[in-house]
Amino acid sequence: MKIFTFFWNRVTAAVSTLLLLIVLIVLFMGYRLAGSGQSENQTRLNNKHDYLAQISQHDKTDRTAPNIVFILYDDMGYGDVGAGAENSLMIATPNINALAADGVVLTDFYSPAPVCTPSRAGYLTGRLAARAGLPNVVFPTGGAEEFLFNTMLTPKANVRLPAEEITLAELLSAAGYATGMVGKWHLGDRSPSLPNDMGFDSYFGALYSNDMQPFALYADREIVAEAPVDQRFLTERYTQAATNFIQQHAEELFFLYFAHNFPHAPLSTRPERSGTSRAGLYGDVLEEIDDSVGAIVAALERTGNLDNTLIIITSDNGPWFLGDAGDQRGRKGNTFEGGMRVPFIAHWPAGIAPDRTEHAMAMGIDLLPTVLDLLQLPSPSDRTLDGRSILSILTQGGPSPHDYLYYYDGETLFAVRDQHYKYRGPAGVLFGTDQAPIGVAIPKKEWLFDLAGDTRESYDTSNRNPKKLMQLRAAFDAKNREMAENKRGWK
């Protein structure tokens, strides 16, 4: 009887502990869920509407202004195309190379972040992703990934681009441009933050990365291809939508944002393209996208718009598991050079002298301020734009408008660079072995890299350059203080 009582007490205690644990988990989940809602800043939303109304009241942009075609790759590496700092011997990109030869290449251009969502937020708003309110990757509504990453691990985090943010499409629409988007959005899958809510007159594409489910295609707000979409024909469908947009708006000013899902994994291409590249399936995919670039150029030529269209080609971050980061350390997901320094080509025969390479540092947050400069429009007065106009670099060369560029992953600042040196603050550096299921972040002291001779970030030169170390450390600390005091940059 004593033995029975002993075991009964043990079982009762275990059950009580389990029930208590379940209650605590439920309470914890409830706390997380309660903090996961997102609302708008009505004051800033009103200011945005006033600003766009002000832009629309300017003299309408005349036809001498350029059309703009912004082509964004997903996870393309710095060394993947021949127009990069290195000439790719494995992947043939003749159409991109031709645009580079007739335009300008920036060797020190950076994506706004090392992963998808915050990078795209930076490109479209001219603000660092933490400033724009979307510093982390978002996932499809209702899925397990959203619950884990957007609810449990980052409570109170936004799950879509805040509606009070001003996008490049909204700015250009107010300035009189027809605006269209083709491809990957990945800034939220619900209103008021869908492409048609944020300035695009028309939209055809997928709301997320091509490895997220359900992967469907939308025309504006309606699903036109149910999940799972056959991704072998994705680039072809996107290209057709993009060329149709150019054809439909050939007689008016237009802005086309063409955001490919590839070469993000899983890779896929048309059967007739399979096996044609020396670089395997990854190369096949990039060569098909190069065909797409050729089709865009042909559509612009056919409609008489090529000479006065500014075409920009770049990537949202460095390469993931496959792809060439160039002669640089790191890949997608980290703030070493390989994660954020990406190819950049600009082509505009009416405004850019051909066959130029510029080394001034720049970042994707510069796109919106450059367009403001191009169209001679005022900046919004109620918010900080982190980007600067690089119009003079594109058209005639010259120094960077930035004293410093900042490397963020999420809301954490990891590094800062000037035109010559890069400072990396004390932080963990990921390490793992092939047989280990996960890596670990090993703490390291601050480092100073001489990027002029060491893009691989192999050697800490802080002991040789103590003054530069102090200067960049001060810039790093000042940026952290600024963001702590006014993260969203409201004025």
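See above for the structure.
Bear in mind the structure is a predicted one, so any value in this text is a computation, not a measurement. In this convention, every chain numbers its residues from 1, walking through the sequence in written order. Local features in this predicted model are restricted to residues of pLDDT 70 or higher, and side-chain atom pairs are both shown and tallied only at a pLDDT of 80 or more, whereas totals for entire chains, interfaces and linings draw on every residue. The side-chain values count all of the structure's non-hydrogen atoms but skip hydrogen atoms and water molecules.

Draft legend 1. Spatial organisation of the overall build of the protein. The helix and strand tally for the protein stands at 13 helices and 18 strands. Looking at the protein as a whole, 56% of its 491 residues are labelled buried. All accessible-area figures derive from a Shrake-Rupley calculation using a 1.4 Å probe, and residue coverage is judged against the displayed protein chains alone. Within the structure as shown, the protein displays about 20,900 Å² of accessible surface, and the carbon and sulfur contribution to it stands at 56%. Helix and strand definitions here come from DSSP, where helices need a minimum of 4 consecutive H or I residues and strands a minimum of 2 consecutive E residues; each element is numbered from the N-terminal end. Summary of the burial criterion: residues with accessible area below 20% of their type's maximum are buried, those above 50% are exposed, and those between are partly exposed, where the area comes from a 1.4 Å probe applied to protein chains only.

Draft legend 2. Representation of the sheet that holds strand β1 (residues 67-73) within the structure. When DSSP locates at least two bridges between a pair of strands, those strands are taken to pair. In spatial order, the strands read β7-β6-β5-β4-β8-β1-β9-β10-β2-β11; together these 10 strands make up an open sheet with mixed pairing. Strand pairing shows two members of the sheet lacking a second neighbour, β7 (222-225) and β11 (356-358), which therefore form its edges. Going across the sheet, the axis of each strand differs from the next one's by a mean of 20°, ignoring polarity. Looking at chain direction, strand β5 (residues 202-205) and strand β6 (residues 217-219) are connected through 2 bridges and run antiparallel. Within the sheet, the bridge partner assigned to Gly205 lies in β6 and is Tyr218. Fitted lines through C-alpha atoms give the axes, limited to the stretch in contact for helices. The angle between two N-to-C directions lies from 0 to 180 degrees.

Draft legend 3. Structural view of the environment of Gly143. Inspection of the secondary structure assignment puts Gly143 in the loop between α5 (129-132) and α6 (144-152). For Gly143, a relative accessible area of 25% corresponds to the partly exposed category. The sequence separation of Gly143 and Pro214 amounts to 71 residues, and the corresponding C-alpha distance is 9.2 Å.

Draft legend 4. Representation of the sheet that holds strand β15 (residues 421-424) in the model. Read from one edge of the open sheet, 4 strands run β13-β14-β15-β18, paired in antiparallel fashion. The open sheet has two edge strands with one neighbour each: β13 (405-409) and β18 (447-450). The sheet shows a mean angle of 25° between the axes of neighbouring strands, taken without regard to direction. Where β13 and strand β14 (residues 412-417) come together, 5 bridges link them in antiparallel fashion. The partner of Tyr407 across the bridge, within β14, is Ala415.

Draft legend 5. Structural view of the packing of aromatic side chains. Pairing of aromatic rings covers Phe, Tyr and Trp, the last through its six-membered ring, and needs centres within 6.5 Å; plane angles under 30 degrees mean stacked, over 60 mean edge-to-face, and all others mean tilted. The tally for this structure, following the rule as stated, stands at 13 aromatic pairs. For the ring pair Phe70 and Tyr257, a centre distance of 5.3 Å and an interplane angle of 10° mean the geometry is stacked. Taken as a pair, Phe70 in strand β1 and Tyr257 in strand β8 (residues 254-259) lie far apart in primary sequence, 187 residues in all. Tyr257 shares its class with Phe70; the two are buried. Plain terms: the ring middles of Trp320 and Phe321 are 4.7 Å apart, the flat faces sit at 25° to each other, and that makes the pair stacked. Assessed through its relative accessible area of 27%, Trp320 is described here as partly exposed. Among the aromatic residues, those joined into a ring-pair cluster are Phe70, Tyr123, Trp185, Phe200, Phe255 and Tyr257.

Draft legend 6. Fine view of the layout of surface pockets. Computed from the structure, the largest pocket encloses a volume of approximately 660 Å³. Broken down by element, the residue count for the lining of the largest pocket peaks at 4 residues, all from strand β16 (residues 427-431). Here the residues of the lining of the largest pocket sort into 8 nonpolar, 7 polar and 5 charged. Two kinds of site are reported from a 1 Å grid over the protein atoms alone, namely cavities, where a 1.4 Å probe fits but cannot get out, and pockets, open sets with protein on both sides within 12 Å along at least five of seven lines, and residues are called lining when an atom falls within 4 Å of a point. Grid points are joined across faces, edges and corners, and a volume is the space filled by probe spheres set on the points. Each residue is assigned to one of three groups, with Ala, Val, Leu, Ile, Met, Phe, Trp, Tyr, Cys and Pro labelled nonpolar, Asp, Glu, Lys and Arg labelled charged, and all others, Gly among them, labelled polar.

Draft legend 7. Region of the structure containing the nonpolar core. Ranked by internal contacts, the top residues of the largest apolar core, which has 60 residues, are Leu106, Leu168, Leu171, Trp185, Phe255, Tyr257 and Leu375. Considering each element in turn, this core owes the most residues, 6 residues, to helix α11 (residues 367-375). Residue contacts are defined here by distance: any two heavy atoms, one from each residue, within 4.5 Å place the two residues in contact. Aside from chain neighbours lying at most four places away, what touches Leu168 is Leu124, Phe255, Leu367, Leu368 and Val371. Residues belong to one nonpolar core when they are buried, are Ala, Val, Leu, Ile, Met, Phe, Trp, Tyr or Cys, and are joined through side-chain atoms within 4.5 Å. Ranked by size, the runner-up nonpolar core spans 42 residues in total, among them Ile71, Leu234, Leu306 and Ile345.

Draft legend 8. Region of the structure containing the pattern of salt bridges. Any Lys or Arg side-chain nitrogen found within 4 Å of a carboxyl oxygen on Asp or Glu counts as a salt bridge. Here the structure, examined in full by the defined rule, presents 33 salt bridges. Across the salt bridge formed by Arg232 and Asp230, the nearest N and O atoms sit 2.7 Å from each other. For Arg232, a relative accessible area of 37% corresponds to the partly exposed category. On the basis of relative accessible area, Asp230 is assigned to the partly exposed category, the value being 34%. Taking the shortest distance from any N to any O, the salt bridge between Arg270 and Glu288 comes out at 2.5 Å. Here the residue Arg270 occupies a position in the loop between β8 and α9 (280-302), and Glu288 occupies one in helix α9, the gap between them amounting to 18 residues. Classification of Arg270 by relative accessible area gives buried; the value is 16%. On the basis of relative accessible area, Glu288 is assigned to the buried category, the value being 3%. A single network of salt bridges, built from pairs that share partners, joins Asp108, Glu337, Arg341, Arg417, Lys422 and Glu457.

Draft legend 9. How the structure looks around the pairing of β15. Where burial is concerned, the two faces of β15 agree: the one with Tyr421 and Tyr423 and the one with Lys422 and Arg424 are both buried. The hairpin formed by β14 and β15 contains 3 residues between the paired strands. Pairing geometry for β15 and β18, over 4 bridges, is antiparallel. For Lys422, the partnering residue across the bridge sits in β18 and is Phe449.

Draft legend 10. Representation of the environment of Pro263 within the structure. Here Pro263 is to be found in the loop between β8 and α9. Separated by 57 residues in sequence, Pro263 and Trp320 place their C-alpha atoms 8.9 Å apart. Not counting the four nearest positions on each side in its chain, Pro263 is found in contact with Tyr73, Asp74, Asp75, Met76, Tyr282, Val285 and Leu286.

Draft legend 11. How the structure looks around the packing of helix α3 (residues 94-101) against α9. Viewed as axis vectors pointing N to C, α3 and α9 meet at an angle of 55°, and their least axial separation amounts to 7 Å. Taken as axis vectors, α3 and α9 run oblique relative to one another. Note on element contacts: α9 touches α3 through Asp290, Asp291, Val293, Gly294 and Val297, opposite Pro94, Asn95, Ile96 and Leu99. Here the contact of α3 with α9 is built from residues that sort into 5 nonpolar, 2 polar and 2 charged. An angle below 35 degrees is treated as roughly parallel, one above 145 as roughly antiparallel, one from 65 to 115 as roughly perpendicular, and anything else as oblique.

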